[in-house]
Structure formats: structure tokens, C-alpha cells
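One letter stands for each residue in the lines below.
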Amino acid sequence: MHDAHLTNGVIPAAGTHGGDGAAVAAALGMAPDEMLDLSASMNPVAPDPVPILARHLRAGVSRYPNPARAEAALAEVMGVDRERLLLTNGGAEAIALVAAEIGGHVVEPEFALHPRGGGPLWRSNPHSPSGLLAGGADLGDERVAVWDEAFYQLATGEWTRGDRDAVVVGSLTKLLAVPGLRVGYVLADPGLIAACRRRQPGWSVNGLVSAALPDLLSTVDLAASARGVRELRAQLTDVLARYGIAARASDANWVLVDSPGLRERLAPHGVLVRDCASFGMTGVARIAVPTADGLARLDAALVAAEVAADVTGQMAGPVDRAAAGADRDAHAALLQDSRGPTPGQRKGRAPTMPTRSASMTAAEVAGPVDRAAAGTDRDAHAALLQGSHGPTPGDPTPRERPGRAPATPTRSTTTGGHRPRPRCAAEPDHRETSSPPTESEAP
Ligand SMILES: Cc1ncc(COP(=O)(O)O)c(C=O)c1O
């Protein structure tokens with residue numbers, strides 16, 4: 001259930017962080033799982049953590065937390081001395097503790113939570129937002145004193161770059177794909193670790209993390225995760241290219257694209273990407289490397305967004321209205337066709353993070369309809385769209401692109417139950433202008 005006042009059809013403006021998929025879904029009247037949140041970048045091949053967490057739930061919530069065992073387990077898998085490691089409530093707490101101890105500054109653009117005052121230089125590696133691993137030349141003359149390695153394992157297959165003379169703030173959020181769990185760490189000399197430990201509020205690392213982390217860590221395969229990210233990132237780049245969207249080079253589990261308005265175009269079709277305006281990068285979107293299933297959903301959303309753009313101003317059929325975000329039920333049906341079962345029908349984990357073998361390709365993991373939606377079977381894809389749209393002779397055809405099956409919107413005789421396309425908070429409401437509303441915008 002959503003708060004009624006949130007369900008207003010207006011896409012909330014992007015904030016300083018990603019991960020606002022549930023809020024945008026609520027505003028658009030969708031269930032949270034209907035929105036694939038690619039505005040936060042998680043490990044797309046992470047094993048499902050829920051069975052392990054479920055096993056530890058009772059012990060995790062019925063006692064006050066003692067993270068000692070979990071901290072020791074992390075030190076062991078990372079191969080670092082225990083006195084050099086502090087387990088924290090997410091990478092965010094690691095950043096806050098170190099920033100409070102030693103301060104810091106950044107070279108913009110840089111991750112929003114890093115300190116911006118006096119003190120040593122902080123740098124995310126791979127760099128947020130560019131997604132590039134730190135080389136030599138790009139670092140300039142100033143020595144980096146604090147490395148934020150929140151995404152390092154996924155970019156390299158290694159736990160840490162291992163700069164002994166620097167502080168490392170890290171996160172297990174991305175690697176384990178558990179943004180709600182809150183688990184991160186500081187890796188530093190024992191003196192700074194002791195100071196951060198004194199500063200850390202009691203019971204900051206919660207009971208579930210304390211109980212379940214050793215088992216969660218036993219599922220980690222860094223090399224397989226990094227390989228899975230690399231393969232899926234290449235597939236993501238290919239899918240985007242089919243829509244004329246060029247991904248910038250990236251070492252991370254996301255890519256940047258220059259595509260103004262992409263967030264607003266895709267959100268009504270159930271995919272949220274990150275707008276990089278908060279980094280001062282206008283017109284740039286950041287897209288998390290999705291699971292194979294997510295890639296199919298993104299592909300379907302790109303088709304739907306293109307169809308919606310092509311039919312704007314024309315009389316649209318039920319599916320076109322759905323694709324334009326005007327008819328939630330039909331939209332859900334269309335998406336379900338292309339995604340397979342809804343989360344409620346699926347066993348196990350929510351669709352944004354299904355478990356996939358790192359060696360499987362999108363085509364291998366997808367069924368015929370998913371493969372079609374993933375663009376691996378052009379004929380089936382065209383048939384899927386045509387089947388949904390119901391072809392009508394003489395229909396307008398959206399612009400075609402070589403190598404991609406054209407989606408064929410249908411002129412419908414249905415005119416009732418038509419709500420306006422959702423709009424972005426930052427987008428002017430054309431209904432308030434003097435020009436007459438188009439049919440698709442008419443209330
Ligand atoms: C570069 C970087 N560092 C740290 C964090 C914080 O991670 P956590 O979710 O574990 O607090 C993030 C989260 O997005 C991040 O992007």
C-alpha cells in the first residue's frame with residue numbers, strides 16, 4: 001500500500017543519492033517490486049542472501065548485537081590483521097567515523113558523503129561517478145589518504161588495493177547486494193581503528209549482521225562476481241547501443257550515459273536510473289549493471305519508452321497507453337508478459353536481484369519471452385510486441401533502427417480511462433500552458 005498523497009503521478013526529482021526506486025514507484029502508483037531500481041549499483045550476480053538471513057533471524061533479533069565474530073570473519077576473508085579492521089553500519093558509517101577523526105576534502109565530482117572541508121584527500125576507487133579505477137596519471141600530485149573501496153571488489157575481484165599507508169573505507173552493501181542490511185568497514189592502522197571504535201555508537205552494527213555475516217561471507221566468490229559484472233556490463237552496453245545510447249567506459253558495476261531525461265523517460269516503464277545532476281553532470285545518467293533478468297526489463301522499458309515517445313500526440317491503444325504510463329493495469333500486464341511471473345508469483349528473491357551464474361549469458365538464463373525482451377531473438381521480440389499491441393493495418397510505425405525489431409504501436413478506438421503521462425517534478429506541466437493538450441495528455 002502506498003501513501004495516497006505520494007501516488008500523484010509526478011516523478012520525484014532526483015536527489016543526491018540513488019536507490020530511490022521505491023519512492024518513485026509509489027509516486028507513480030506502482031508496487032515497489034514493479035520498479036527495477038538501477039539507480040543504486042549492486043552486485044548483479046550476488047547469491048540470494050535471504051535464506052541465510054532467515055536462518056539467523058531469531059538469534060539476530062532476540063539478542064543485543066555482538067559483532068566480534070563477524071568482524072573476525074571479515075578480517076580473515078580479507079586477509080588483514082584484526083586490529084586493523086572495524087566493522088561498521090554500512091560504508092556510510094565508516095565514512096562518517098573516519099571523516100570525524102581526520103576530516104578531508106575531495107576533487108569534484110566525488111561521492112556525496114565524503115567530507116568537504118580541510119584535511120586529507122579522499123577518493124573513491126573505482127571513482128564515483130565515473131566508474132574508472134584509479135590509475136597513476138589521473139591522481140595528480142596530491143597523495144590520496146583515504147580510499148573509498150565500496151565498489152573495489154566488483155571492479156577487480158580483489159578485496160583491497162592494499163595501500164598500507166592510507167585509510168580504506170569499505171562497504172559490503174554492494175558486493176552482497178544488501179543495501180538494507182547496513183554493513184561496511186574501516187581498514188586502517190590500529191590507532192585510527194581504536195579511535196573510530198571509541199567514536200562508534202554502541203550496537204551500531206546490528207544483530208542480524210553480527211549473526212549472519214560469517215555465513216554470508218562464505219558465499220562470496222570475488223573473482224566470479226567481478227567476471228559476472230564484466231560480462232553483464234558488456235551486455236548492458238550492447239543493449240543501450242541498440243537504442244543509440246553510448247555507454248562511457250567503466251570498470252565498475254554501472255555505466256554513465258549521456259542521455260538527457262532518460263530517468264523520466266524510463267521510470268513510467270518500471271526502470272529507474274540515476275540522474276547525475278547532483279554530481280554537476282547535467283544530462284548524464286548512471287545505470288547500474290543489472291542482472292540478466294533486469295537487462296531484459298531494461299530492454300523492454302527502452303522499447304516501451306520509445307513507443308511512448310513515438311505515439312505521443314497520437315491516439316493510442318490500451319498497450320500504448322500502458323507504455324505511456326497512463327493505464328497501470330495494462331502496463332503491469334505488458335511488463336509481466338515481458339518479465340515472466342510477478343514477484344509474488346516467483347519463489348525466493350525479488351526480481352531485481354535474482355541469483356545468476358556468472359558464466360551464464362542473458363540468452364541462457366532467459367526463457368523465450370525474456371530472450372525476446374532481451375533482444376536476443378528479434379523475431380520473437382517483434383512478435384511479442386505485436387501480440388501485445390495487436391497490429392492494425394496502416395498503423396504509424398515508430399522510427400526503425402538497423403538491427404532492432406521495430407515496435408508497432410496501434411491506433412485504438414478505445415478512448416476511455418485515459419490518464420495523463422506521468423511527469424517529472426522538474427518538467428513543466430504542459431497542461432498549464434496555452435497550447436492545446438495532445439490526445440495522450442488530455443485529462
Ligand atoms: C562510493 C560509495 N561509498 C560508500 C557508499 C556507502 O555504502 P553503504 O550503502 O554501505 O553505506 C556508497 C553508496 O552508494 C558509495 O557509492
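Relevant structure appears above.
This report concerns the structure included in the present document. (Residues numbered from 1 in each chain as written. Predicted model: local features only at pLDDT ≥ 70, side-chain atom pairs only at ≥ 80, totals over all residues.)

## So, the overall build of the chain
Reasoning step 1: Looking only at helices and strands, one finds 16 helices and eleven strands in the chain.
Reasoning step 2: In the chain, the share of contacts with a sequence separation of at least 24, taken over all contacts with a separation of at least 6, comes to 65%. (Helix = DSSP H or I, 4+ residues; strand = E, 2+ residues; numbered from the N terminus. Contact = placed C-beta atoms within 7 Å.)

## Structural notes on the site of the ligand
Reasoning step 1: Neighbouring the ligand are Gly 90, Gly 91, Ala 92, Phe 111, Ser 124, Ser 128, Asp 148, Ala 150, Ser 171, Thr 173, Pro 179 and Gly 184.
Reasoning step 2: Take the shell around the ligand: its biggest share by element is three residues, from helix H4 (residues 90-102).
Reasoning step 3: For the shell around the ligand, a count of residues per class yields four nonpolar, seven polar and one charged. (Near = placed C-beta within 6 Å. Nonpolar A, V, L, I, M, F, W, Y, C, P; charged D, E, K, R; others polar.)

## Focus: the sheet that holds strand E2 (residues 36-38)
Reasoning step 1: Taken together, four strands build an open sheet; the order of strands is E2-E9-E10-E8 and the sheet is mixed. The open sheet is flanked by E2 and strand E8 (254-258), the only strands paired with a single partner. Along the sheet, successive strands turn relative to each other by an average axial angle of 35°, direction set aside.
Reasoning step 2: Summarising the sheet, E8 and strand E10 (residues 284-288) pair through five bridges and their orientation is antiparallel. (Pairing = 2+ DSSP bridges. Axes fitted to C-alpha atoms, helices over the stretch in contact; angles between N-to-C directions.)

## Things to note about the packing of helix H3 (residues 68-78) against helix H8 (residues 207-218)
Reasoning step 1: In contact at an axis separation of 7 Å, H3 and H8 are set at 25° when each is read in the N-to-C sense. Here H8 runs roughly parallel to H3, going by the angle between their axes. In the crossing of H3 with H8, the sense of the turn from one axis to the other is left-handed. Residue-level contacts link Arg 69, Ala 70, Ala 73, Leu 74 and Val 77 of H3 to Val 209, Ser 210, Leu 213, Pro 214 and Leu 217 of H8.
Reasoning step 2: When grouped by side-chain class, the residues that make up the contact of H3 with H8 number eight nonpolar, one polar and one charged. (Parallel < 35°, antiparallel > 145°, perpendicular 65-115°, else oblique. Left-handed = near helix turned anticlockwise from the far one by under 90°.)

## Considerations on helix H2 (residues 50-62)
Reasoning step 1: End to end, H2 covers 18 Å across 13 residues, agreeing with the expected 18 Å (1.5 Å per residue, within 8%).
Reasoning step 2: Of all bends in H2, the biggest is about 55°, found at His 56. (Expected span 1.5 Å × (residues − 1). Bend = angle between axes of the 7 residues up to and from the residue.)

## A short note on the sheet that holds strand E5 (residues 144-148)
Working definition: the strands of a sheet are paired by backbone hydrogen bonds and lie parallel or antiparallel to each other.
Reasoning step 1: Strand order in the open sheet made by the five strands is E3-E7-E6-E5-E4, with mixed pairing throughout. The open sheet has two free edges, formed respectively by strand E3 (85-88) and strand E4 (121-124), since each of these has just one partner strand. Shown here is a sheet whose adjacent strand axes are inclined to one another by a mean of 20°, direction ignored.
Reasoning step 2: With three bridges connecting them, E5 and strand E6 (residues 167-171) associate as parallel partners. Of the residues in E6, the one forming a bridge with Val 146 is Val 167.
Reasoning step 3: Its contacts with the sheet put H3 on E3 and strand E7 (184-187), and the angle it makes with E3 is roughly 125°.

## Let's talk about unusual backbone geometry
Reasoning step 1: The omega torsion of the bond from Glu 108 to Pro 109 falls at -5°, within 30 degrees of zero and hence cis.
Reasoning step 2: Topologically, Pro 109 is positioned in the loop between H4 and E4.
Reasoning step 3: The phi torsion at Ala 177 lies on the positive side, around 55°, for a residue other than glycine.
Reasoning step 4: Here the phi dihedral of Arg 182 falls at roughly 75°; this positive angle occurs in a residue that is not glycine.
Reasoning step 5: Mapped onto the fold, Arg 182 is located in the loop between helix H6 (173-176) and E7.

## What about the nonpolar core?
Reasoning step 1: In terms of nonpolar packing, the biggest core is built from 94 residues, with Val 98, Val 186, Leu 236 and Ile 287 touching the most fellow members.
Reasoning step 2: With 13 residues, helix H11 (residues 292-311) is the single largest residue contributor to this core.
Reasoning step 3: In this structure, this core is formed jointly by two domains, domain 1 (4-45 + 225-432) and domain 2 (50-218), each of which donates at least three residues.
Reasoning step 4: Contact partners of Val 98, with chain neighbours within four places excluded, come to Val 146, Val 167, Val 169, Val 186 and Cys 196. (Core = buried A, V, L, I, M, F, W, Y, C linked by C-beta atoms within 7 Å. Buried ≥ 20, exposed ≤ 12 C-beta atoms within 10 Å, placed from the backbone. Domains from an automatic or database assignment.)

## Digging into the pairing of E7
Reasoning step 1: Burial along E7 is two-sided: Gly 184 and Val 186 facing one way and Tyr 185 and Leu 187 facing the other are all buried.
Reasoning step 2: Sheet analysis places E6 next to E7, joined by four bridges and oriented antiparallel. From the neighbouring strand, Gly 170 faces E7, where its bridge partner is Tyr 185.

## Description of the packing of H4 against helix H7 (residues 190-199)
Reasoning step 1: Where H4 contacts H7, the two axes come as close as 10 Å, and the packing angle between them is 110°. With respect to their mutual orientation, H4 and H7 come out roughly perpendicular. The handedness of the crossing between H4 and H7 comes out as right-handed. In this structure, H4 contributes Leu 97, Val 98, Ala 100 and Glu 101 to the contact, and H7 contributes Leu 192, Ala 195, Cys 196 and Arg 199.
Reasoning step 2: Here the contact of H4 with H7 is composed, by residue class, of six nonpolar, no polar and two charged.

## Points about H4
Reasoning step 1: Along its 13 residues, H4 runs 19 Å from first to last C-alpha, staying within 8% of the 18 Å computed at 1.5 Å per residue.
Reasoning step 2: All of the buried residues in H4 are Gly 90, Gly 91, Glu 93, Ala 94, Ile 95, Leu 97 and Val 98.
Reasoning step 3: Close packing links the buried residues of H4 with E3, E5, E6, H6, E7 and H7.
Reasoning step 4: A positive phi of about 65° marks Gly 103, the residue just after H4.

## Things to note about the environment of Asp 33
Reasoning step 1: Topologically, Asp 33 is positioned in the loop between helix H1 (21-27) and E2.
Reasoning step 2: Spatially, the C-alpha atoms of Asp 33 and Ala 22 are 7.9 Å apart, while their sequence positions differ by eleven residues.

## Topic: the environment of Gly 18
Reasoning step 1: Among the secondary structure elements, Gly 18 is positioned in the loop between strand E1 (10-11) and H1.
Reasoning step 2: Using a count of 22 C-beta atoms within 10 Å as the deciding quantity, one classes Gly 18 as buried.
Reasoning step 3: With 255 residues separating them along the chain, Gly 18 and Val 273 place their C-alpha atoms 8.0 Å apart.
Reasoning step 4: Aside from chain neighbours lying at most four places away, what touches Gly 18 is Ser 39, Ala 40 and Arg 274.

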